[in-house]
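Tertiary structure, described
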Amino acid sequence: MAVDRELAEYMTKTGRSRALHEEALAVMPGGNSRTTTFFDPYPFYVQRGLGAHIWDADGVDRVDFNGNYTSLVLGHAPAEVLKAVEQVAQSGLSFPGPTEHEIRLAEALTRRVASMESVRFTNSGTEATMNAVRLARGFTGRPKIAKFEGAYHGTHDWVMVSVTPDPKAAGSRKHPKPVAWSAGLPPAVLKHTLVLPWNDIEACEEIITKEAPNLAAVLVDPLLGIGGVIPPAEGFLERLRALTEQHGIVLIFDEVISLRVAWGGAQERFGVRPDLTTLGKIIGGGLPIGAFGGRRDIMDFYDPRGGGDPRRGGDPQRSGARIPHGGTFNANPLTMVAGLATLNALTPEAYSRLDALGERLRGGVTRLLAATRRRGQVTGLGSLFCLHWTSEPVTDYRSSRPRDLDMPMRVFLGLLNEGILLTQRGLGACSLAMIDEDVDRFVNALARVLARQ
Ligand SMILES: Cc1ncc(COP(=O)(O)O)c(C=O)c1O
């Protein structure tokens, strides 16, 4: 089925969303405030969510495999999180000072994530990676950073490079050229960002070794999450660890998504300990959050004590922090308790259940694609998965690009019409609110969508 026919069906079902989008056009560019969730001609507006389900403004019920881009690991509106938030909200929404709640969430995170000896909170994963990169530069005194082609780390300047580059403009596979992902990036960003090919350790080694004296950090999403949930090849992360250690480069694991794959994150699952880790999404229990943390000697750059202490002759107007880090809503109490309630529910047994749901889904999709002789595959780990419309082995950004660039959108719209919500590029996540039947419903819906192609 052409994308037009799926779109036509989508539009017949979403009249209220179309009307709302027309209102939004008057007050927001393109009617939009979140590029990720937009698709032409208009996105559906959400009315509510409960458990594994999400309802749009026209009242259409869908099973939600998007989960606000993998963050809603317990599903929508989980009772224990709502209860915690409601209770704390009664005492005030945010304050000009710390609360005990942030200590409890910080304790929970440092207990789980091996590399996090010390942690700070932000309001988004974007701010977490922004601070981690700044910290690596401050700590090493070096100017450059390296990131992987196809990796997404949020929307600050330093990471808006080579996120979805056209391979024709991006140089060779082994030596990718940095490509701006946004207008408005200063030339210094491209000059100071190295782009690495995922899963090609020899090429990475060559690039990193050559630039080591100038290289502050290697920033790694251990699963290349938004880039297609492409797990690292055997030994790949270990070699990156050895190489960065050898050259005094800060290794940052961006586990904003990959904390989903084990109680202690991808670093536990793969047995590799980075210097710094960034987190987000699931640790906020559905409310805005980010966090970064790691080695105490590195995190000490944020220690504000001393500088302004008048007892030591300090200037009270100055903080002792070598990196100041304000944020009106950092560690706000509502997010802290929502995050803690969510982490408390994410026991090792809960992770086993999530893994089983993910495996069932990947198994079902793989069997479907084989039985129907479709060019395609599903990658993933734990509760995360991604559909790829290529038969080439998917090992990196370039091999994950489909020959038919419209295919992911056709499948996304087709699934929407079948009562299933995914992400436009085919990334999805199971939640603890799901049961096996929800996963089977996904596979059956995909079968019907493919039969129409
Ligand atoms: C790996 C990774 N890092 C950072 C971010 C940015 O997080 P946020 O959307 O909270 O700014 C994302 C968001 O999808 C992500 O997947």
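Because the structure is a prediction, the values reported are computed rather than measured.

**Comments concerning the nonpolar core**
By size, the foremost hydrophobic cluster in this structure holds 32 residues, and its most contacted members are Leu109, Phe121, Leu279, Ile283 and Leu346. The element contributing the most residues to this core is helix 12 (residues 333-345), with six residues. Not counting residues within four places of it along the chain, the set of residues in contact with leucine 346 comprises Val73, Leu74, Arg112, Trp263, Ile282, Tyr351, Leu354 and Leu432. The next biggest cluster of nonpolar side chains, apart from the first, holds 26 residues, and it includes Leu357, Val365, Leu369 and Leu415.

**Examining the sheet that holds strand 1 (residues 46-50)**
Strand order in the open sheet formed by four strands is 1-2-3-13, with mixed pairing between adjacent strands. Both edges of this open sheet fall to strand 1 and strand 13 (420-421), since each of them pairs with a single strand only. For strand 1 and strand 2 (residues 53-56), the ladder comprises four bridges, and the chain directions are antiparallel. Counterpart to arginine 48 in the pairing with strand 2 is tryptophan 55.

**Re the site of the ligand**
In the vicinity of the ligand, the contacting residues are Ser124, Gly125, Thr126, Tyr152, His153, Gly154, Asp221, Ile226, Asp254, Val256, Ile257 and Lys281. A distance of 2.6 Å separates a nitrogen atom of the ligand from a polar side-chain atom of aspartate 254. Between the ligand and the protein, one listed contact pairs an oxygen atom with a side-chain N or O atom of lysine 281 at 2.9 Å. Protein burial of the ligand: of its 390 Å² of free accessible surface, 86% is covered by the chains. Of the residues belonging to the shell around the ligand, the class tally is four nonpolar, five polar and three charged.

**Re the side chain of asparagine 330**
Of note, asparagine 330 is situated in the loop between helix 11 (296-299) and helix 12. Reaching out from asparagine 330, the side chain makes a polar contact with the backbone oxygen of glycine 326 at a distance of 3.0 Å.

**Remarks on the environment of leucine 346**
Mapped onto the elements, leucine 346 comes out in the loop between helix 12 and helix 13 (348-371). Put simply, leucine 346 and asparagine 123 are 223 residues apart on the chain and 21 Å apart in space, counted from C-alpha to C-alpha.

**A few points about the packing of aromatic side chains**
Tallied over the full model, the rule gives 12 aromatic pairs. Chaining the aromatic ring pairs together yields one cluster made of Tyr10, Phe39, Tyr42 and Phe412. The ring of phenylalanine 44 has arginine 62 lying over it, and the distance from NZ or CZ to the ring centre is 5.4 Å. Just above the ring of tryptophan 158 sits the side chain of arginine 137; from NZ or CZ to the centre is 3.9 Å.

**Section: unusual backbone geometry**
The omega torsion across aspartate 40 and proline 41 is 0°, close enough to zero to call that bond cis. The backbone of tyrosine 69 sits at a positive phi, close to 50°, despite the residue not being glycine. Secondary-structure assignment places tyrosine 69 in helix 3 (residues 67-70). At alanine 77, a position not held by glycine, the phi torsion is positive, near 50°. In this structure, alanine 77 sits in the loop between helix 3 and helix 4 (79-89). Overall, the relative accessible area of 35% leaves alanine 77 in the partly exposed class.

Reading guide: rules and limits
Residues numbered from 1 in each chain as written. Predicted model: local features only at pLDDT ≥ 70, side-chain atom pairs only at ≥ 80, totals over all residues. Heavy atoms only, no water. Core = buried A, V, L, I, M, F, W, Y, C linked by side-chain atoms within 4.5 Å. Buried < 20%, exposed > 50% of the residue type's maximum accessible area, 1.4 Å probe, protein only. Helix = DSSP H or I, 4+ residues; strand = E, 2+ residues; numbered from the N terminus. Contact = heavy atoms within 4.5 Å. Pairing = 2+ DSSP bridges. Near = heavy atom within 4 Å. Polar contact = N/O pair within 3.5 Å; in protein donor to acceptor, adjacent residues only side chain to side chain. Areas by Shrake-Rupley, 256 points an atom, 1.4 Å probe, with all protein chains shown as cover. Nonpolar A, V, L, I, M, F, W, Y, C, P; charged D, E, K, R; others polar. Phe/Tyr/Trp six-rings, centres within 6.5 Å; stacked < 30°, edge-to-face > 60°. Lys NZ or Arg CZ within 6 Å of the ring centre and 35° of its normal.

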